[in-house]
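# Overview (structure and organization)
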Amino acid sequence: QSAPAADDTLFRALGARPGIDAIVDDFVPRLVADPRTSEFFRKTNQAHLKQMLEEQFCVVSGGPCVYTGLPMKTAHQDMDISKGDFNALVEVLQAAMDAQHVPFATQNQLLARLAPMHRDIVNVH
Ligand code: HEM
């Protein structure tokens, strides 16, 4: 299923689905391994999380995808996530994008579209 994207510039800059899938394939194992985030992802089905993140990054970057996962508030409500935890996840995503040779400006554009989600994800103040 797909919907036409109004502006898919960022999606294409990320390398379209192959580029996004490579970023997410790198990102999720890093989240599981990083001591700052590992505890959160201890019981996570990595294959499912990868699929959801691939869809979500595709949609937020303007790609022709449909996100089939939970709303961000619902997905994270049973965890205690602080601003520090959120920032740690962002740093892990930056490391994954560095490893996949995503240009700095492109990284920042994706991060800028994800950043507002902190309102629905950070729930420890
Ligand atoms: C911009 C930041 C974030 C984005 C875009 C994001 C995105 C997502 C998505 C798409 C899912 C899948 C929802 C579903 O299964 O339907 C998910 C689940 C999850 N997220 Fe996040 N998330 C973010 C921040 C965080 C942070 C900061 C933490 C904790 C440090 C976290 C921990 C988790 C965990 C543990 C799951 C559940 C995985 C499972 O199914 O077991 N997320 N997130």
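Look a little higher up for the structure.
Parameters at a glance
Residues numbered from 1 in each chain as written. Predicted model: local features only at pLDDT ≥ 70, side-chain atom pairs only at ≥ 80, totals over all residues. Heavy atoms only, no water. Donors = N, O, S within 2.8 Å, 3.2 Å for Na, K, Ca; no water. Helix = DSSP H or I, 4+ residues; strand = E, 2+ residues; numbered from the N terminus. Near = heavy atom within 4 Å. Polar contact = N/O pair within 3.5 Å; in protein donor to acceptor, adjacent residues only side chain to side chain. Nonpolar A, V, L, I, M, F, W, Y, C, P; charged D, E, K, R; others polar. Axes fitted to C-alpha atoms, helices over the stretch in contact; angles between N-to-C directions. Parallel < 35°, antiparallel > 145°, perpendicular 65-115°, else oblique. Left-handed = near helix turned anticlockwise from the far one by under 90°. Contact = heavy atoms within 4.5 Å. Core = buried A, V, L, I, M, F, W, Y, C linked by side-chain atoms within 4.5 Å. Buried < 20%, exposed > 50% of the residue type's maximum accessible area, 1.4 Å probe, protein only.

For the iron atom of the ligand, the sole protein-derived donor is His76 (NE2), lying 2.0 Å away. Counting through the fold element by element, His76 comes out in helix α4 (residues 72–76).

Residues in contact with the ligand amount to 22 residues; listed here are only the nearest, Phe41, Thr44, His48, Leu70 and His76. At 2.8 Å from an oxygen atom of the ligand is found a main-chain nitrogen or oxygen belonging to Leu70. Elements supplying a minimum of two residues to the shell around the ligand: α3 (46–60), α4 and α5 (83–99). The biggest single contributor to the shell around the ligand is α3, with five residues. A class-by-class count of the residues in the shell around the ligand yields 16 nonpolar, five polar and one charged.

The next thing to look at is the packing of α5 against helix α6 (residues 104–114). Contact geometry for α5 and α6: axes closest at 11 Å, N-to-C directions at 150 degrees. Viewed along their axes, α5 and α6 adopt a mutual orientation that is roughly antiparallel. For the pair α5 and α6, the sense of crossing is right-handed. Contacts between α5 and α6 pair Phe86, Val90, Leu93, Gln94, Met97 and Asp98 from the former with Gln107, Leu110, Leu111 and Leu114 from the latter. For the contact of α5 with α6, the per-class residue count stands at seven nonpolar, two polar and one charged.

Let us look at the packing of helix α2 (residues 16–33) against α5. For the pair α2 and α5, the least separation of the axes is 9 Å and the interaxial angle reads 135 degrees. Comparing their axes, α5 and α2 come out oblique. Both α2 and α5 take part in a crossing whose hand is right-handed. Where α2 abuts α5, its residues Ile23, Asp26, Phe27, Arg30 and Leu31 lie against Leu89, Val92, Leu93, Ala95, Ala96, Met97 and Ala99.

Phe27, Phe57 and Leu93 are the most contacted members of the largest nonpolar core, which has 30 residues in total. Those elements that place two or more of their residues in this core are α1 (9–13), α2, α3, α5 and α6. Among the elements that make up this core, the one with the highest residue count is α2 (six residues). Excluding anything up to four places from it in sequence, Phe27 contacts Leu53, Phe57, Leu89, Val92, Leu93 and Ala96.

Spatial relationships are all this shows, so hold off on functional conclusions.
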